Amino acid sequence: MIVFPAIDLKAGQVVRLAEGDMARATVYGDDPAAQARAFGDAGADHLHVVDLDGAFAGGSVNGDAVRGIVAAFPGRVQLGGGIRNRESIDAWLDLGVARVVIGSAALSDPQLVRDAAHALPGRIVVAVDARDGFVATQGWADVSDVSATDLARRFEDAGVAALLFTDIGRDGLLKGCNVEATAALAEAVAIPVIASGGVAGIEDIHALKGKPGIEGVITGRALYDGRLDLAQAIAVAQDTPSPRKRGEG
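What counts and how
Residues numbered from 1 in each chain as written. Predicted model: local features only at pLDDT ≥ 70, side-chain atom pairs only at ≥ 80, totals over all residues. Heavy atoms only, no water. Salt bridge = Lys/Arg side-chain N within 4 Å of Asp/Glu carboxyl O. Helix = DSSP H or I, 4+ residues; strand = E, 2+ residues; numbered from the N terminus. Buried < 20%, exposed > 50% of the residue type's maximum accessible area, 1.4 Å probe, protein only. Pairing = 2+ DSSP bridges. Right-handed = clockwise from strand over helix to strand, strands pointing away. Core = buried A, V, L, I, M, F, W, Y, C linked by side-chain atoms within 4.5 Å. Contact = heavy atoms within 4.5 Å. Phe/Tyr/Trp six-rings, centres within 6.5 Å; stacked < 30°, edge-to-face > 60°.

S.K.: Just checking my understanding: could you explain the pattern of salt bridges for this structure?
M.R.: Think of it this way: side chains of opposite charge can pair up when their charged atoms draw near. Tallying each qualifying case throughout the model produces seven salt bridges. Between Asp157 and Arg114 there is a salt bridge, with the nearest N and O atoms lying 3.0 Å from each other. One end of the pair, Asp157, is in the loop between helix 7 (148-153) and strand 10 (162-167); the other, Arg114, is in helix 6 (residues 110-119), and 43 residues separate them in sequence. A residue is classified by how much of its surface remains accessible, and Arg114, at 27% relative accessible area, is partly exposed. For Arg221, the salt bridge goes to Asp225, with nearest N and O atoms at 3.0 Å. For Arg221, a relative accessible area of 27% translates into the label partly exposed.

Here it is, written out as structure tokens:
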């Protein structure tokens, strides 16, 4: 299982939000590239980056910070936030981002996801951000009437690399990851799932490790607050290989 340390960007700073609320941001640093380098030094070979301003604006806002992160981090960078057209997808991949995460556009323009996933195998991730089980979009400001599972199933045959499932009600609150809902989604679809939202400590890594279909876990605030040691989390996550999805191998 992959551990993705998270860098969320707001006005060029490293922040964490509570439940996706931009008004409830805690600033953890003003040098995103240095933070990316520190995560790499701790053993991370994957990094999850979100342009929070971009998620609300519908296009890149923290582009300079993202470019600095990509240059500083020795591993693979996964980027989300405001990526809603093919031009943005191609531009970020050309600049060295390994995978892009598509959230709002997955609901409003599913053909964009299908076309990109077909043309760029292994490089498109769909964000399934849920509040009380229903998909939220536009930086989590709007909640749709589409369930998380229904959205995920729309991309069963699209060739996307993974689904990124976030329980918004837990995000940034250190309440513990919603292991039950994440595992249920992973069982419902034949697409690898990345868990996100609420990781509080090493117990969450143990709980998720080895669950069928769970590819990885994203953690942010627990790392920044010193509740989770990144090197330890990576060691635990990699101790037992995650089982293959149905139909693999």
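From this point on, the discussion continues.
S.K.: In this structure, what is going on with the pairing of strand 11 (residues 193-196)? I would like to understand it.
M.R.: Within a regular strand, side chains alternate between the sheet's two faces. Going residue by residue along strand 11, you find Val193 and Ala195 tucked away on one face and Ile194 and Ser196 tucked away on the opposite face as well. Sheet analysis places strand 10 next to strand 11, joined by four bridges and oriented parallel. Its bridge partner being in strand 11, Leu164 is matched across the sheet by Ile194. Read from strand 11 through helix 9 (residues 202-208) to strand 12 (residues 214-219), the crossover connection turns out right-handed.

S.K.: For this particular structure, what's the right way to read the nonpolar core?
M.R.: Soluble, globular proteins show a tendency: their nonpolar side chains are buried together. Counting 69 residues, the largest nonpolar core has Ile7 and Ile89 as its most contacted members. In contact with Ile89, other than residues within four places in its own chain, are Ile83, Val100, Ile102, Leu112, Ala116, Leu120 and Ile124. With nine residues, the next largest nonpolar core counts Ala6, Val125, Leu164 and Ile218 among its residues.

S.K.: I would appreciate a short explanation of the packing of aromatic side chains in the present structure.
M.R.: Any aromatic ring pair is given by two values, namely how distant the centres are and how the planes are angled relative to each other. A full pass over the atoms with the stated rule returns two aromatic pairs. Geometrically, the ring pair formed by Tyr28 and Tyr224 is stacked, given 4.9 Å between the ring centres and 25° between the ring planes. Of this pair, Tyr28 sits in strand 3 (residues 21-29) while Tyr224 is found in helix 10 (residues 221-224), placing the two residues 196 residues apart along the sequence. The exposure class of Tyr224 is buried, given its relative accessible area of 16%. Members of the aromatic cluster, connected to one another through ring pairs, are Tyr28, Phe39 and Tyr224.

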